[in-house]
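Structural features, examined
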Amino acid sequence: MSRPATLALAATLLLLFALSVATPWRQLADLLAGDRALGLAVLQELRLPRALLALSYGAVLGAAGAAIQALFANPLASPDLTGTTGGAALGAVLSAYILGFSGPVGLSAGAVLGAVGALLLLLALAGRRAEVATLLLAGLAISALAGALTTVALALAPSPFAFYDAYEWLMGSLVDRSLAQAAFAAVPALATILLLARTARALDSLALGEEAAEALGYRLTRLRVGVVCLSAVGVGACVAVCGAIGFVGLVAPIFARRLTRGHPGSAIFPAAIIGGALMTAADLVTRVAPMGRALPIGVVTALLGAPFFLRLVVRMRWGLAR
């Protein structure tokens with residue numbers, strides 16, 4: 001990726017982050033003018049964690065999506081379409097409502113295990129270089145199974161309010177999270193992005209074929225396990241705090257590959273920047289809802305990402321028909 005493109009992406013991300021912290025500005029300005037301590041507390045305890053979560057969650061979805069697409073050699077592979085986020089949500093629900101481990105560590109551990117299980121099941125069902133239809137069917141089947149099991153777990157939970165408590169979280173939400181929760185999601189997300197970026201050359205060589213990658217000295221089994229586990233850890237930690245949010249991990253890598261001239265591994269870091277920008281922008285859109293009404297960020301990303309996904313599927317179908 002060229003230096004001007006990198007600077008442009010970084011500047012856009014910083015601008016969106018600043019807007020996320022400051023928007024809506026009028027109410028914040030009134031608070032700062034009337035009670036500076038209260039205004040600063042709102043910034044630190046409400047606005048900043050929300051902005052950090054949007055940035056880190058979007059970034060890890062973008063990076064994980066780019067790595068998974070490179071691993072499967074398929075542009076339709078992403079954390080949500082492969083069942084990763086659904087598996088993470090199922091693991092977190094089982095941990096919190098069935099096993100009683102509702103603390104941050106227990107939620108994250110359950111989410112990570114659920115995400116790992118979903119990705120391993122996808123590898124077993126679809127194979128390493130799955131056809132588009134096979135990958136979609138396997139991913140949809142895993143997502144549907146995870147969703148059904150999540151509903152069963154909530155229905156069988158000891159708490160009669162489990163469905164109500166989990167609704168906002170299952171739809172995806174960055175609201176009312178603390179700095180500690182933001183750090184709990186952001187630290188694994190950042191570590192995941194950095195470690196996935198180290199696999200860029202190996203994933204680029206994998207695009208030439210498995211034999212070529214092995215001839216260059218890369219251990220493919222180790223690479224696959226590493227990508228699966230890292231993606232599960234990063235995405236699982238964020239799902240445990242914010243719930244399942246889709247389509248960012250699909251869209252961001254596709255734009256990133258255009259900046260890296262089609263190199264799938266090299267797109268990991270640009271995809272992280274684009275993913276962070278997309279999630280932050282989606283969070284800004286949720287704030288246009290009427291006062292007193294909550295617009296889940298997962299709904300916004302689905303409304304923006306679903307048409308893009310359908311367009312991608314149609315283009316791939318036309319390409320195969322020629």
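In what follows, the structure referred to is the one given above.
Reference entry: report on the structure contained in this document. Bear in mind the structure is a predicted one, so any value in this text is a computation, not a measurement. Residue numbers restart at each chain and count upward from 1, following the sequence in its written direction. In keeping with the predicted nature of the model, local features appear solely for residues at pLDDT of at least 70, side-chain atom pairs appear and are counted solely at 80 or more, and the whole-chain, interface and lining totals rest on all residues. To obtain the side-chain values, all non-hydrogen atoms of the structure were included, while hydrogens and water were left out.

**Things to note about the packing of aromatic side chains**
Any two rings among Phe, Tyr and Trp, with Trp reduced to its six-membered ring, count as a pair given centres within 6.5 Å; such a pair is stacked if its planes are under 30 degrees apart, edge-to-face if over 60, and tilted if neither. Within this structure, the stated rule accounts for one aromatic pair. Considering the side-chain rings of Phe255 and Phe308, the 5.6 Å spacing of their centres and the 35° angle between planes classify their relative orientation as tilted. With Phe255 in helix α12 (residues 248–259) and Phe308 in helix α14 (residues 297–321), this residue pair connects regions lying 53 residues apart in the sequence. Among the residues examined, Phe255 registers a relative accessible area of 32% and is labelled partly exposed. Look at Phe308 and you get buried, because its relative accessible area is 16%. By the criteria applied, helices consist of DSSP H or I runs no shorter than four residues and strands consist of E runs no shorter than two, each listed in order from the N terminus. Whether a residue is buried, partly exposed or exposed follows from its accessible area with a 1.4 Å probe, protein chains only, as a fraction of its type maximum: under 20%, in between, or over 50%, in that order.

**A closer look at the side chain of Thr85**
Take Thr85: it is sitting in helix α4 (residues 84–98). Beyond its immediate chain neighbours, meaning those up to four positions away, Thr85 contacts Leu61, Pro79, Asp80, Val235, Val239, Ala244 and Ile245. Note on contacts: a residue pair qualifies if any of its non-hydrogen atoms lie within 4.5 Å across the two residues.

**Notes on the nonpolar core**
Where a protein is soluble and globular, its nonpolar side chains tend to be buried together. Among the buried residues, those of types Ala, Val, Leu, Ile, Met, Phe, Trp, Tyr and Cys that are joined through side-chain atoms within 4.5 Å form a nonpolar core. Within the largest apolar cluster, 40 residues are counted, with the highest numbers of intra-cluster contacts made by Leu122, Leu196, Leu203, Leu206, Leu223, Val227 and Ile268. Residue contributions to this core peak at eight residues, all from helix α3 (residues 36–72). Other than its neighbours up to four places away in sequence, Leu203 contacts Ala67, Ala70, Leu71, Leu223, Val227, Pro264, Gly265 and Ile268. Counting 39 residues, the second-largest nonpolar core is a separate cluster that includes Tyr57, Val93, Trp169 and Ala189.

**A word on helix α13 (residues 268–286)**
Along its 19 residues, α13 runs 27 Å from first to last C-alpha, staying within 8% of the 27 Å computed at 1.5 Å per residue. By the criterion of burial, α13 is predominantly enclosed, with 15 of the 19 residues buried. A helix is expected to span 1.5 Å for every residue after the first.

**Comments concerning unusual backbone geometry**
A positive phi angle, close to 75°, is found at Phe247, a residue other than glycine. Looking at the secondary structure, you find Phe247 in the loop between α11 (220–242) and α12. Accessibility expressed as a relative area gives 17% for Phe247, which makes it buried. Residue Arg261 is not a glycine yet carries a positive backbone phi of 60°. The topology assignment puts Arg261 in the loop between α12 and α13. For Arg261, a relative accessible area of 78% puts it in the exposed group.

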